[in-house]
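Secondary and tertiary structure notes
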Amino acid sequence: MTTLKGLSWGHRRATGPLQPLVERFCQDNTDIAVEWTVRPLSDFEHQGLAAVAEQFDLIIYDHPFSGDVVASGAFVPLDRNLAGLNPSDDRHFAGASLTSYRYADAVWGAPIDGATQHALYRGDLMADRPLPVSWDDVLNLGRMLRKDGLFLGMACETPHAVLTIAALMANAGKPWSTDPKQPFRIDRVGLGEALELVTAALEFCPPEAIGWNSIDLHDQMVARDDVVYAPCVYGYATYGEADMRKRLSFAPFPGTTAPHQAGTAIGGTAVGLSRHCKDPTAALRFIAFLLSDVAQREIIAAHHGQPAIAAAWDDAVTDARFNGFFSAIRSTIDTAWIRPRLQGYPNFQKEAGIVVRRVLAREIATEAGLDAIMALADKVNR
C-alpha cells in the first residue's frame, strides 16, 4: 500500500472536494491511499515550496511560484509524464489555467481550480443600481451607496490590493514584465495611477476593509447587509451556493480601458508533484484522475469546488448551482493576465502587498510607498 501525502489550503472551495476525490479514486486504485494536510490561505499565497516538497508528495500551489520551483528543482515536470498538458490542450481549460503553469519548457502543475479577479455583489442590495462597467462607474456607485449608508468592498491584506493594482495596470496596457529573459520591470507612472484608483475606491469601503483578505471580503458580504459591491477580488464560486445566508452574485472586472474586463491577474490552483515522492507512479495516477471529467465536472463541482476545465465552466447545471458564477466571469478569465513567474517574484508580491496596504492605511506617504515598491522590484533581478 502506497500512502501519498498532499498539501492543500484552508477553505471549503479547496477542502470540500478532497475526500470525495480520494474515495472515488481509491475505488479503482485500492493499493493507494491519499492523506491531506491543510494550510492557511496566507501560507498558500506566500510560503516557499522547496522545504514543503521535502515533506509532501502532492502540493496544491499557485503559478507565480514556478520560477522558484524550477530554480530549486522541487517538482517533477508533469507534461513529460502525463497526457493532456500540451500547448494544444490549453483550450480545454478556462482561460490560461493550464498555460500559466507552463514555464521553462515544462508544465509544473496540473490545474484543478480555475479563478481570476472579478467583481462580486449582493443582488438584493444592488436593487436597481446599474452594475459598473468601468472603474469610473465603480467610483460613481460608491458615491451613490454612501448616500444610503452603504459601502463598496475591497480586500487590502497582502497580496490582494497590490494585485488589484496589477490588474488595473494590465488593463491600461502597462502590465508588469513577465519575460524570464528580461529584467523585471514595473512602470512607475502606471503604478502610481493604479494606486490612486484603488485609494479612491477604498474611500467608499468600511474602515475594517483595510484588514480583509479575499475570504474575509466574501464572508463579510454574506454576513452583513451594508457591503454591496466589490470591484476586484479573487472570487469564490461557493459563495453563490444556496446554503449561504445571502447568495453572492458575480460580474466582470470593471477596468479603466476597453475591453474593461481584460487584464486581471489569473489565479486558481494546480497540483505539483514533489521530486522527493517515493512512488511517483502512484502520484501520477492520482494527478491524472484529478484532470479527468469525472473529477472536475462531477466531484469538484458538486463539493463546493471551482473546476479548471472549460467543459465544467460551460456546464449550465454547474453554473446555476453557483448562481451564475462561471458564465458571469467567463469573459474576464478568458482575457486574464499571467503574473510573473520569475525566481523571487512571490516574495516581491508579498512585500509589495505589505507596502500597498501601509499606503492605503496612511501609515506611509504615497511617494515613499512607490519608492519602496520599485526598490523591491529591483531586488527580483539580483
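**Observations concerning the pattern of salt bridges**
Taken as a whole and judged by the stated rule, the model has 22 salt bridges. One salt bridge in this structure joins Arg13 and Asp113, with 2.7 Å as the shortest N-O distance. Taken together, the positions of Arg13 in helix 1 (residues 12-15) and Asp113 in strand 7 (residues 110-113) put the pair 100 residues apart, joining distant regions of the chain. Between Arg122 and Asp225 there is a salt bridge, and its shortest N-O distance comes to 2.7 Å. Placement of the pair is Arg122 in the loop between strand 8 (117-121) and helix 5 (123-126) and Asp225 in the loop between helix 9 (214-223) and strand 10 (227-234), with a sequence separation of 103 residues. Each of the salt bridges in this network shares a partner with another, and the network as a whole consists of Arg122, Asp124, Asp225 and Arg245.

**Remarks on the layout of surface pockets**
To find the voids left in a structure, one rolls a probe of water-molecule size over its atoms. Volume-wise, the largest pocket comes out at about 200 Å³. What lines the largest pocket is Thr199, Leu202, Glu203, Cys205, Pro206, Pro207, Ile210, Leu360, Ala361 and Arg362. For the lining of the largest pocket, the class distribution of residues is 7 nonpolar, 1 polar and 2 charged. Each residue belonging to the lining of the second largest pocket can be placed in one class, and the counts come to 7 nonpolar, 2 polar and 2 charged.

**Comments concerning the pairing of strand 1 (residues 2-9)**
With 6 of its 8 residues buried, strand 1 lies for the most part within the structure. Strand direction decides the pairing type here: strand 1 and strand 2 (residues 32-39), joined by 8 bridges, are parallel. Along strand 2, the bridge assignment pairs Leu4 with Val34. When strand 1 meets strand 3 (residues 58-61), the two strands line up parallel, connected through 2 bridges. Across the sheet, residue Leu7 finds its bridge partner in strand 3, namely Ile59.

**Overview of the packing of aromatic side chains**
Scanning the model with the defined rule gives 19 aromatic pairs in all. On the basis of an interplanar angle of 25° and a centroid distance of 5.4 Å, the ring pair of Trp9 and Phe44 is categorised as stacked. One end of the pair, Trp9, is in strand 1; the other, Phe44, is in helix 3 (residues 41-46), with 35 residues separating them in the sequence. Judged on exposure class, the residue Trp9 and its partner Phe44 are both buried. Aromatic pair Phe250 and Phe325: ring centres 4.9 Å apart, planes at 85°, arrangement edge-to-face. One end of the pair, Phe250, is in strand 11 (residues 249-251); the other, Phe325, is in helix 14 (residues 325-333), and 75 residues separate them in sequence. Residue class for Phe250 comes out buried when judged on its relative accessible area of 5%. By relative accessible area, which is 0% here, Phe325 ends up buried. An aromatic cluster is defined as three or more aromatic residues linked by ring pairs; in this entry it consists of Trp176, Phe184, Trp337, Tyr345 and Phe348.

**Some words on the packing of helix 2 (residues 18-28) against helix 10 (residues 280-290)**
Two numbers describe how helix 2 lies on helix 10: the axes approach to 11 Å, and their chain directions differ by 115°. Of the two possible hands of crossing, helix 2 and helix 10 adopt the one that is right-handed. Facing helix 2, whose interface residues are Leu21, Val22, Arg24 and Phe25, helix 10 presents Arg285, Phe286, Phe289 and Leu290. Grouping the amino acids of the contact of helix 2 with helix 10 by side-chain chemistry returns 6 nonpolar, no polar and 2 charged.

**Things to note about the nonpolar core**
One recurring pattern in soluble globular proteins is that nonpolar side chains are buried together. Of all hydrophobic cores here, the largest spans 139 residues; its most connected members are Trp176, Phe286 and Phe348. Here this core takes 9 residues from helix 7 (residues 160-171), the largest share from any one element. Apart from residues lying up to four places away in sequence, Phe348 is in contact with Trp176, Phe184, Ile186, Gly353, Ile373, Leu376, Ala377 and Val380.

**Some remarks on the sheet that holds strand 11**
Two pairing modes exist for strands in a sheet, parallel and antiparallel, and in both the strands are linked by backbone hydrogen bonds. What the 4 strands build is an open sheet, ordered 9-10-8-11; its pairing is mixed. With one partner strand each, in any of the chains shown, strand 9 (151-152) and strand 11 form the two edges of the open sheet. Two strands pair when backbone bridges link them, and strand 8 and strand 10 are joined in this way by 4 bridges, in the antiparallel orientation. Note that in strand 10 the partner of Tyr121 across the bridge is Tyr229. Along the sheet, helix 14 makes contact with strand 8 and strand 11, crossing strand 11 at roughly 20°.

**Structural notes on the environment of Leu7**
Tracing the backbone shows Leu7 in strand 1. The buried category is assigned to Leu7, whose relative accessible area is 4%. Spatially, the C-alpha atom of Leu7 lies 6.1 Å from that of Ile60, the residues being 53 residues apart in sequence. Not counting residues up to four positions away in its chain, the partners in contact with Leu7 are Trp36, Thr37, Arg39, Val52, Phe56, Leu58, Ile59 and Ile60.

Reading the values: the criteria
Residues numbered from 1 in each chain as written. Predicted model: local features only at pLDDT ≥ 70, side-chain atom pairs only at ≥ 80, totals over all residues. Heavy atoms only, no water. Salt bridge = Lys/Arg side-chain N within 4 Å of Asp/Glu carboxyl O. Helix = DSSP H or I, 4+ residues; strand = E, 2+ residues; numbered from the N terminus. 1 Å grid on protein atoms, 1.4 Å probe; cavity = no way out; pocket = protein on both sides within 12 Å on 5 of 7 lines; lining within 4 Å. Points joined across faces, edges and corners; volume = space filled by probe spheres on them. Nonpolar A, V, L, I, M, F, W, Y, C, P; charged D, E, K, R; others polar. Buried < 20%, exposed > 50% of the residue type's maximum accessible area, 1.4 Å probe, protein only. Pairing = 2+ DSSP bridges. Phe/Tyr/Trp six-rings, centres within 6.5 Å; stacked < 30°, edge-to-face > 60°. Axes fitted to C-alpha atoms, helices over the stretch in contact; angles between N-to-C directions. Left-handed = near helix turned anticlockwise from the far one by under 90°. Contact = heavy atoms within 4.5 Å. Core = buried A, V, L, I, M, F, W, Y, C linked by side-chain atoms within 4.5 Å.

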